[in-house]
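Residue-level listing of the chains:
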Amino acid sequence: MSIRTEELLVNVGPQHPSTHGVFRLVVKLDGEVITEATPVIGYLHRGTEKLAENLSYTQIIPYTDRMDYLSAMTNNYVLCHAVETLMKLEIPEKAEYLRVIVMELNRVASHLVWWGTYLLDIGAMSPFLYAFRDREKIVELFNELCGARLTYFYMRVGGVKWDAPPGWIDKVKEFIPYMRKQIEEYEKLVTGNEIFLSRVKDIGKYDSQTAINYGLSGVNLRSTGIDWDLRKQEPYSLYEQFDFDVPTSTDGDCFARYRLRIEEMKQSLSIVEQAVAQFPEEGKIMAKVPRVIRPPAGEVYSRIESPRGEIGCHIVSKGKAEPYRLKFRRPSFVNLQILPELLIGETMTNLVTIFGGIDIVLGEVDC
Amino acid sequence: MDNMIEQLSIGSVSLVTLATAALLLIVLVFVTYGIYFERKVIGWIQLRQGPNRTGPFGLLQTVADVFKLLIKEDTIPNNADKTVFKLGPIISFIPAFVVLAVIPYTENLYFANLNVGLLYYVALSGISTIGILMGGWASNNKYALLGGMRSVAQMISYEIPLVISMVGVILMTGSLNMIQIVEGQAGGFWSWNIFPQIVAFGIFIIAAVAELNRTPFDLPEAESELIAGYHVEYSGFRFAFYMLSEYVYIYAIAGLTTVLFLGGWHAPFAFLSFIPGLIWFIIKFCSIVFFLFWIRATMPRLRVDHLMGLGWKVLLPLSLVNIFVTAIVLELLK
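As the structure is a prediction and not an experimental result, all values here were calculated from the model.

1. Some thoughts on the overall build of chain A
Counting its secondary structure elements, chain A contains 15 helices and 8 strands. Considering only C-alpha atoms, chain A reaches an extent of 80 × 45 × 35 Å along its principal axes. Taken across its 367 residues, chain A has 61% of its residues classed as buried. A sequence separation of at least 24 residues applies to 72% of the contacts in chain A between residues at least 6 apart. Total accessible area on chain A stands at roughly 14,300 Å², and carbon and sulfur atoms take up 52% of it. The centroid of the 43 positive side-chain charges in chain A is displaced by 6 Å from the centroid of its 50 negative side-chain charges.

What follows is the structure in structure tokens.
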């Protein structure tokens, strides 16, 4: 006797607790095994790139805040960096220091959110609140610096908007050893947990060739053994001055990505530590920039390492106050493309693990 | 109370009814404050306050929640199987409540002194699974269906090691009567079943957590995968019944663990036996409940296939070995 079975079509999302935003995945299930997965995106599309064509460069910066809202500082930077490269601007040293400090702190904050929500996906509730407790400290620091907790609008073409308030650098100095201790605690609480390991080890595996074919970047690429971090490969800002490692792993599974993100937090803290130690108290925070920014006609593509991978900004300028065309290469969008391939043959449970492991931000996917 | 059931006079029937109402009240109070306690404990573990707004120290929070559930609109999905949909929560709740009858609190305080008490417990608690499956099936929702299916697979897999781990205790006592099982553990904590039956205790606790559908075995309602699992379409009072049966099972399992492994109402040391047995029972009972809440805040969730593997490949053989070893040791000691 054969039992008649039917394929089950399940809509995961757009409102689903594990899609971290409005992401929809149409999944065909055979029992609990996925036979086909189709991501449907665009629910959060705001047309940032088109809007930018009618905005002055400074006006575009707040839009970048809302792309990858977990690391708005790096998004601010990539746009400013592109315009500055086009204008061949010299940025004051103090502004660069401030930028590096906030970008690296933002990387820690972003990875903390990832760490917490990833474990929430896996079914552990508590780490989420631990992560948010410590992220709160970073957010408070940013709040003091620029008056915003999430959408900072901190950087400008030519520098940064606000100087560090008195005592701020000391607070950052105090934060570093505190955060290191917390990361140790995280590792004790979670990393060795047998259930956790059984959930993430050897799950969502792919090799370096697949990663390159899909154009992955960031941790998703480094987890396959490729040492590619734009802070090292194409140093921008002051990154050449700092001593830090780029952690890589050859396992290519979810656990490798987990380890690398924890490791990256430690490296970011070490960069911040060096930056605050060398921080120049005196100096300007803005370069001499004309009131209306009109970059010379031309094209530029600048790319930097965001917490999620390579974020790039391509500007075509016709010498006007608005860009003729602006294009963002968003790492979340590119990294997401590997998902359907990874999901074939996996169970519903692994769907959440793999999807969470890629670490996307929907604001950036849809832009 | 035995005699009373035999001679069904009007007086005895009304007494039994009263006792049942009292038990229901105790259970409801337990559930109300069990949930409050759980939220507080998990809140403290997670650097939060827990409920603290409704009533003094948030003590009325659960009451308010239940009231909210009662006055909510009762919705049934369009294409749901209405009869089965309505029946599901009831089938799930009744066995949860009925099994409580055989749990003895002290040598004098119990509701039924069945000589097959343990068997009665095991047989009835299995029925709840059907209620969950009915809910999942009748909802006409894919997530609910997946949750219901998972739930059945999980409960069947864990029912078996749970029951077999009890056999070790039954061998030690030579009885299925709960009161005799507790009496067999009299005289200091070293004669409790937990020590000679430590393997069975381990299996029992793991299987019990799985039976309860709680973290790390909360796959049927895994919120990050299946949103809420089998009760995703339920709201209002029907939803409350599912939640209620879940918490009544916590009560039942904590009571059962106390009776089977922790010596029931017996004091751990002879010189402490001036404290009433009921107090000891409550202390042991509460520590088990606390333990269940504690692991909920600590553990991630298991994967479905690992869960099945653990049940069939590890717990079941281990519990069989435990019976074998227990039987041999008992025979040798005779």
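2. Points about the overall build of chain B
A tally of regular secondary structure across chain B gives 13 helices and 0 strands. Its helices and strands in sequence order give chain B the pattern α-α-α-α-α-α-α-α-α-α-α-α-α, from N to C terminus. What you see for chain B is a C-alpha radius of gyration of 20 Å, in line with the 20 Å of a compact globule of 334 residues. Dimensions of chain B, computed from the C-alpha atoms along their principal axes, are close to 65 × 50 × 45 Å. Looking at chain B as a whole, 52% of its 334 residues qualify as buried. Relative to all contacts within chain B whose residues are 6 or more apart in sequence, the contacts with residues 24 or more apart total 77%. Here chain B holds 18 positive side-chain charges and 19 negative ones, and the gap between their average locations is 9 Å.

3. Regarding helix H5 (residues 117-125) of chain B
All names here are of chain B. All buried positions along H5 are accounted for by Gly117, Leu118, Tyr121, Val122 and Ser125. For H5, the angular spread of the buried residues around the axis is 135 degrees, confining them to a single face. Buried residues belonging to H5 abut helix H6 (127-138), helix H7 (142-173), helix H8 (178-183) and helix H11 (236-261).

4. Side note on the environment of B:Lys142
Within the element layout of this structure, B:Lys142 appears in helix H7. Residue contacts for B:Lys142: discarding those within four places in its chain leaves A:Leu8, A:Leu9 and A:Val10.

5. Description of the interface of chain A and chain B
Chain A puts 32 residues into the contact, and the matching count from chain B is 25 residues. Approximately 2,500 Å² of surface area, both sides summed, lies buried where chain A meets chain B, with 59% of it carried by carbon and sulfur atoms. For the pair chain A and chain B, the interface holds 0 salt bridges. Taken together, the connections running from chain A to chain B amount to 9 residue pairs in polar contact (both at pLDDT 80 or more). At the level of elements, strand S1 (8-12), helix H4 (93-122), helix H5 (126-146), helix H7 (194-200) and helix H14 (348-358) of chain A are the ones that each hand at least two residues to the side of chain A that touches chain B. Per-element tally for the side of chain A that touches chain B: the top contributor is S1(A), with 5 residues. Considered class by class, the residues forming the side of chain A that touches chain B number 17 nonpolar, 11 polar and 4 charged.

6. A few points about the packing of aromatic side chains
Here the structure, examined in full by the defined rule, presents 32 aromatic pairs over all chains. Ring geometry for A:Phe128 versus A:Phe132: centroids 4.6 Å apart, planes at 40 degrees, classification tilted. Of this pair, A:Phe128 and A:Phe132 both sit in helix H5, 4 residues apart, which is roughly one turn of that helix. A:Phe128 sits in the partly exposed class, given a relative accessible area of 24%. Take A:Phe132: its relative accessible area is 29%, and that puts it in the partly exposed class. With 4.1 Å between their ring centres and 0 degrees between their planes, B:Phe85 and B:Tyr234 make a pair best called stacked. Here B:Phe85 is found in helix H4 (residues 82-98), whereas its partner B:Tyr234 is found in the loop between helix H10 (223-226) and H11, with 149 residues between them in sequence. We classify B:Phe85 as buried; its relative accessible area is 0%. Taken together through their ring pairs, the aromatic side chains of A:Trp114, A:Tyr118, A:Phe196, A:Phe255 and A:Tyr258 make up a single cluster.

7. Some words on H4(A)
Residues and elements named next belong to chain A. Here H4 spans 43 Å end to end across 30 residues, near enough to the 44 Å set by a 1.5 Å rise per residue. Burial analysis of H4 places 28 of its 30 residues in the buried class, the great majority of the element. Immediately downstream of H4, the backbone of glycine 123 shows phi near 115 degrees, a positive value.

8. Some details on the sheet that holds S1(A)
All names here are of chain A. Strand order in the open sheet formed by 3 strands is S1-S2-S3, and the pairing between neighbours is antiparallel. Edge strands, defined here as strands with exactly one partner in the open sheet, are S1 and strand S3 (33-40). Across the sheet, the mean angle from the axis of one strand to that of its neighbour is 20 degrees, orientation sign disregarded. Where S1 lies against strand S2 (residues 24-30), 5 bridges are found, and the strand directions are antiparallel.

9. Here we look at the domain arrangement of chain B
Residue and element names in this part refer to chain B. Taken domain by domain, chain B holds domain 1 (1-71) and domain 2 (73-333). In this structure, domain 1 and domain 2 have C-alpha centres spaced 18 Å apart. On the domain 2 side, the residues contacting the 21 residues of domain 1 number 24 residues. For the pair domain 1 and domain 2, the two sides together bury roughly 2,100 Å², of which 81% comes from carbon and sulfur. If you sort the residues of domain 1 by the area they bury against domain 2, Phe30, Glu38 and Leu69 come out on top, with a joint share of 28%. Viewed at the interface, domain 2 and domain 1 are joined by 1 salt bridge. Of the charged contacts in the structure, one is a salt bridge between glutamate 38 and arginine 296, with a shortest N-O distance of 2.6 Å. Scanning the region where domain 1 abuts domain 2 turns up 2 residue pairs in polar contact (both at pLDDT 80 or more). Contributions of two or more residues to the side of domain 1 that touches domain 2 are made by helix H2 (10-45) and helix H3 (61-71). Sort the elements by how many residues they give to the side of domain 1 that touches domain 2 and H2 lands first, with 16 residues. Of the residues that constitute the side of domain 1 that touches domain 2, the class distribution is 17 nonpolar, 2 polar and 2 charged.

10. What to know about the confidence of the model for chain B
Scored by pLDDT, chain B has a mean of 83; 95% of the residues are at 70 or more. Scored as a complex, the prediction yields pTM 0.86 and ipTM 0.78.

11. Things to note about the pattern of salt bridges
Residue and element names in this part refer to chain A. One pass over the full model with this rule turns up 32 salt bridges over all chains. The partner of arginine 133 in a salt bridge is aspartate 134, and the shortest N-O contact between them spans 3.3 Å. The exposure class assigned to arginine 133 is partly exposed, which follows from its relative accessible area of 26%. Here lysine 171 makes a salt bridge to glutamate 144, at a shortest N to O gap of 2.8 Å. With a gap of 27 residues between them, lysine 171 in helix H6 (residues 168-191) and glutamate 144 in helix H5 connect regions that are remote in the sequence.

Calculation criteria
- Along each chain, residues carry numbers from 1 onward, in the same order as the chain's sequence is written.
- Chains and ligands are labelled sequentially in the order written, the chains with letters from A and the ligands with numbers from 1.
- This being a predicted model, a pLDDT of at least 70 is required before a residue's local features are given, and a value of 80 or more before pairs of side-chain atoms are given or counted; all residues contribute to the totals for chains, interfaces and linings.
- Excluded from the side-chain calculation are hydrogens and water; included are all heavy atoms of the structure.
- Secondary structure elements follow DSSP: runs of H or I no shorter than four residues count as helices, runs of E no shorter than two count as strands, and numbering proceeds from the N terminus.
- Throughout this description, buried means an accessible area under 20% of the type-specific maximum (1.4 Å probe, protein chains only), exposed means over 50%, and partly exposed covers the range between.
- Contacts were defined at the residue level, with two residues in contact if any of their heavy atoms lie within 4.5 Å.
- Only the protein chains shown count as cover for residues, and the accessible areas themselves come from Shrake-Rupley with a 1.4 Å probe.
- Only four residue types enter the charge count: Lys and Arg as positive, Asp and Glu as negative, with His and the chain ends excluded.
- Taken as the charge location is NZ of Lys, CZ of Arg, CG of Asp or CD of Glu.
- Our radius of gyration looks at C-alpha atoms and nothing else; its globule reference is 2.2 Å times the residue count to the power 0.38.
- Read the arc as the range of directions from the helix axis to the C-beta atoms.
- Buried area is understood as the total, over both parts, of accessible area removed when two parts are fitted together, assessed with a 1.4 Å probe.
- Salt bridges are counted wherever a side-chain nitrogen of Lys or Arg sits within 4 Å of a carboxyl oxygen of Asp or Glu.
- Counted as a polar contact is a pair of N or O atoms within 3.5 Å, where, for protein atoms, one must be capable of donating a hydrogen and the other of accepting one, and residues adjacent in sequence contribute only when both atoms are in side chains.
- In the scheme used here, Gly and all other residues not listed as nonpolar or charged are polar, with Ala, Val, Leu, Ile, Met, Phe, Trp, Tyr, Cys and Pro taken as nonpolar and Asp, Glu, Lys and Arg as charged.
- Whether two aromatic rings pair depends on their centres lying within 6.5 Å, for rings of Phe, Tyr and Trp, where Trp uses its six-membered ring; planes under 30 degrees apart make the pair stacked, over 60 edge-to-face, and the rest tilted.
- Take the residue count of a helix, subtract one, and multiply by 1.5 Å to get its expected span.
- Here, any two strands with at least 2 DSSP bridges between them count as paired.
- Lines fitted to C-alpha atoms define the axes here, with helix axes fitted over just the stretch in contact, and angles between the N-to-C directions of these axes take values from 0 to 180 degrees.
- Either an automatic procedure or a domain database provided the assignment from which the domain bounds are taken.
- Per-residue confidence from the predictor is given as pLDDT, running between 0 and 100.

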